[in-house]
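Here are the chains, one letter per residue:
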Amino acid sequence: MKRLLIARLGSPNLIAFLIMALGLAAAPVFIDNNYIITVLTIIALFTMLTIGLSLLMGYAGQISLGQATFFGIGAYSMAIFSTRLGLSPWLSLLAGMILAGGVAYLLGMLIFRLHGHYLAMATLGMNIILYLILTQQVDWTGGPSGFRGVPDLSIGGMTLSTDTHYYYLIWFFALITIALSLNIVNSRVGRAMRALHSSEIAAETLGIDTGRFKLQVFALSAAYSALAGGLYASFLGFISPSSFTINASIKIVLMAVVGGLSSIWGATFGAAAILVIEQWLRTAIKSLVPGASGEQEIIAFGLILMLIMIFMPEGLVTGAGKALRARIARRKPERAQPAGG
Amino acid sequence: MSDTPLLRASRLFKRFGGVMAVNDVSFAVQEGQILALIGPNGAGKTTTFNLISGTHGPDQGEVIFRDRRISGSRPSQIAQQGLARTFQNLQIFGEMTVLENVMAGCHLQGTAGFLAAALRLPKAGAEEKRMRGQAMSYLEQTGLAERAHDPAGSLPFGQQRLVEIARGLAVQPQLLLLDEPAAGLNRTETEELDRLILRIRDQGISVLLVEHDMNLVMAIADHVVVLHYGSKIAEGSPAQVQANPDVIAAYLGDDWAAPPRREAADA
């Protein structure tokens, strides 16, 4: 009873959150390596993307294989609004989030009539359409060769220019995303989301407007993705359509699954794990298989996904905890149940 | 107002393919009443239930609840009108705790949206606390308080049924629909359920129940409606229904009114 009361107040989450924030704040002091700082920054971006998907897929139970669509909308909004329409970079970031949220809401009204595989296909289609727009509307997007000269963000007259600046800025937003999302999942709306995941019909009979909740979660996940997109565009200064393909969407799914779909911390962990593995594979595969290119990386990720789905379908964070408990429990009685049934 | 029933189902029809699942069924639930819908398997009881709670729409006919037409509305809108239900095939949220299940039932008692929740606005915090208190009181009423923090899916079957009832009560309905609440319960549990349903009625919540367990129905129902092959064949007090020859022939004949038939030895 007491333990759970504390959990409700968010204490373990709060402690974990503070440790993480302090660790991240201190990291650049000890890490004098731009490459590592950049990787950490990318982890922050993918944390936001993965949390968005985790809310949608893990909590509300709605599949999306097209999260990179909103990542792209955010990035290109930042680029186009700030250079062509003369908005300030901050306003462009906000506009991108609103646009992505709005697009998700409208598209959601169409595609949430679908369930399961059909919904997954529709979200894939959405991603392909964005890719076509990005590559075809050359006047606005720069086409396949990309968009150069996305302006830097600035805070109080100071323009953010170094990798470390962006490291702090992007992690700041990632931590806000984590905090807001932890609050959401432990609330009235969080329960409504989990309820609709578990039994849509039961949730409805409790007065939960499941249709509206799906749209709201989808819009929220899109806004998170667009936030990551806008920051990404500003951070790199250059964006191209290849960053917002289905491959990117799949990578986000992979991160969410690895971490454990219905866990905000899992999303963070999954993003970090996949990006670190990806960096490692790039060097490891080349030394193992001379002349290897991107394909081997995809195969390796496919393998990881398969293994996790087979052995830890709830993801590493949730799965490891359960496996540990099961192991302790299994010590006592021998397995007695026959196979099948 | 005093004469109008709480709920009136008028001439409901529902066809599934070639089967007339509900065929011209009408009845009314009065305020403060326990109405039982009985009938042999496949009589259309659960379908009738689904037509009332909005899970399915009727092909014809209408359902009026508190002077408003609810047939054709979404289940969530019907719940907002003050009608809650449980499910014969349990639909509890197994991964959530018992308390969270019931708090999800309190959904309509709150207003906090994504923004208020994300920012932990004081309003949302106060609401959360109030909901937890309410949910706990429903758990106490149903005898589940000690299991509040266990995952609902880990409870034994009988208690999972109670979780659904507690969750339904949390909607603060005027009419609670119970779909075979005694199915799978043992005798003690059924007796406890009896008392619980009567207590619910005494709180001013009308109850419409679908039930197989004749003892339960006859002990607590104020009014009984009998369905057979989708049609209503009788209604009245438990005593009247028991005495009705059609009912005896259709349903009660086998296991209630007449002595059990002697069968040749089963294989």
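Residues numbered from 1 in each chain as written. Chains lettered and ligands numbered in written order. Predicted model: local features only at pLDDT ≥ 70, side-chain atom pairs only at ≥ 80, totals over all residues. Heavy atoms only, no water.

Some thoughts on helix α5 (residues 122–141) of chain B
Phase 1 of the analysis: Helix length check: α5 of chain B, at 20 residues, gives a terminal C-alpha distance of 29 Å against a target of 28 Å (1.5 Å per residue), a fit within 8%.
Phase 2 of the analysis: When we look at burial in α5 of chain B, the residues that qualify are Ala-124, Glu-127, Glu-128, Met-131, Gln-134, Ala-135, Met-136, Tyr-138 and Leu-139 of chain B.
Phase 3 of the analysis: Buried positions along α5 of chain B lie against α9 (188–198) of chain A together with α3 (98–105), α4 (114–118) and α6 (157–170) of chain B.
Phase 4 of the analysis: After α5 of chain B finishes, the residue Gly-143 of chain B shows a positive phi value of roughly 75°. (Helix = DSSP H or I, 4+ residues; strand = E, 2+ residues; numbered from the N terminus. Expected span 1.5 Å × (residues − 1). Buried < 20%, exposed > 50% of the residue type's maximum accessible area, 1.4 Å probe, protein only. Contact = heavy atoms within 4.5 Å.)

Some remarks on the pattern of salt bridges
Phase 1 of the analysis: The tally for this structure, following the rule as stated, stands at 17 salt bridges over all chains.
Phase 2 of the analysis: Note that Lys-214 of chain A and Glu-200 of chain A form a salt bridge whose closest N and O atoms lie 3.0 Å from each other. One end of the pair, Lys-214 of chain A, is in helix α11 (residues 210–236); the other, Glu-200 of chain A, is in helix α10 (residues 200–205), and 14 residues separate them in sequence.
Phase 3 of the analysis: On the basis of relative accessibility, which here comes to 28%, the residue Glu-200 of chain A falls in the partly exposed class.
Phase 4 of the analysis: Ionic pairing is found between Lys-45 of chain B and Glu-180 of chain B, a salt bridge with its closest N-O pair at 3.9 Å. With Lys-45 of chain B in helix α1 (residues 45–53) and Glu-180 of chain B in the loop between β7 (175–179) and α7 (187–202), this residue pair connects regions lying 135 residues apart in the sequence.
Phase 5 of the analysis: The exposure class assigned to Lys-45 of chain B is buried, which follows from its relative accessible area of 4%. (Salt bridge = Lys/Arg side-chain N within 4 Å of Asp/Glu carboxyl O.)

Examining the domain arrangement of chain B
Residues and elements named next belong to chain B.
Phase 1 of the analysis: When the domains of chain B are assigned, the result is domain 1 (1–82 + 174–261) and domain 2 (91–172).
Phase 2 of the analysis: A C-alpha centroid distance of 27 Å is found between domain 1 and domain 2.
Phase 3 of the analysis: Every contact between the two is made by 18 residues of domain 1 and, on the other side, twelve residues of domain 2.
Phase 4 of the analysis: For the pair domain 1 and domain 2, the summed buried surface comes to about 1,100 Å²; carbon and sulfur atoms form 69% of the total.
Phase 5 of the analysis: When the area that domain 1 buries against domain 2 is broken down by residue, the three leading residues are Leu-176, Leu-196 and Gln-203, summing to 31%.
Phase 6 of the analysis: Applying the counting rule to domain 1 against domain 2 returns zero salt bridges.
Phase 7 of the analysis: Inspection of the domain 1/domain 2 interface yields four residue pairs in polar contact (both at pLDDT 80 or more).
Phase 8 of the analysis: Secondary structure elements with two or more residues in the side of domain 1 that touches domain 2: α2 (75–80), β7 and α7.
Phase 9 of the analysis: By residue number, the principal contributor to the side of domain 1 that touches domain 2 is α7, which donates five residues.
Phase 10 of the analysis: Partitioning the side of domain 1 that touches domain 2 into residue classes produces ten nonpolar, four polar and four charged. (Domains from an automatic or database assignment. Buried area = accessible area lost by both parts, 1.4 Å probe. Polar contact = N/O pair within 3.5 Å; in protein donor to acceptor, adjacent residues only side chain to side chain. Nonpolar A, V, L, I, M, F, W, Y, C, P; charged D, E, K, R; others polar.)

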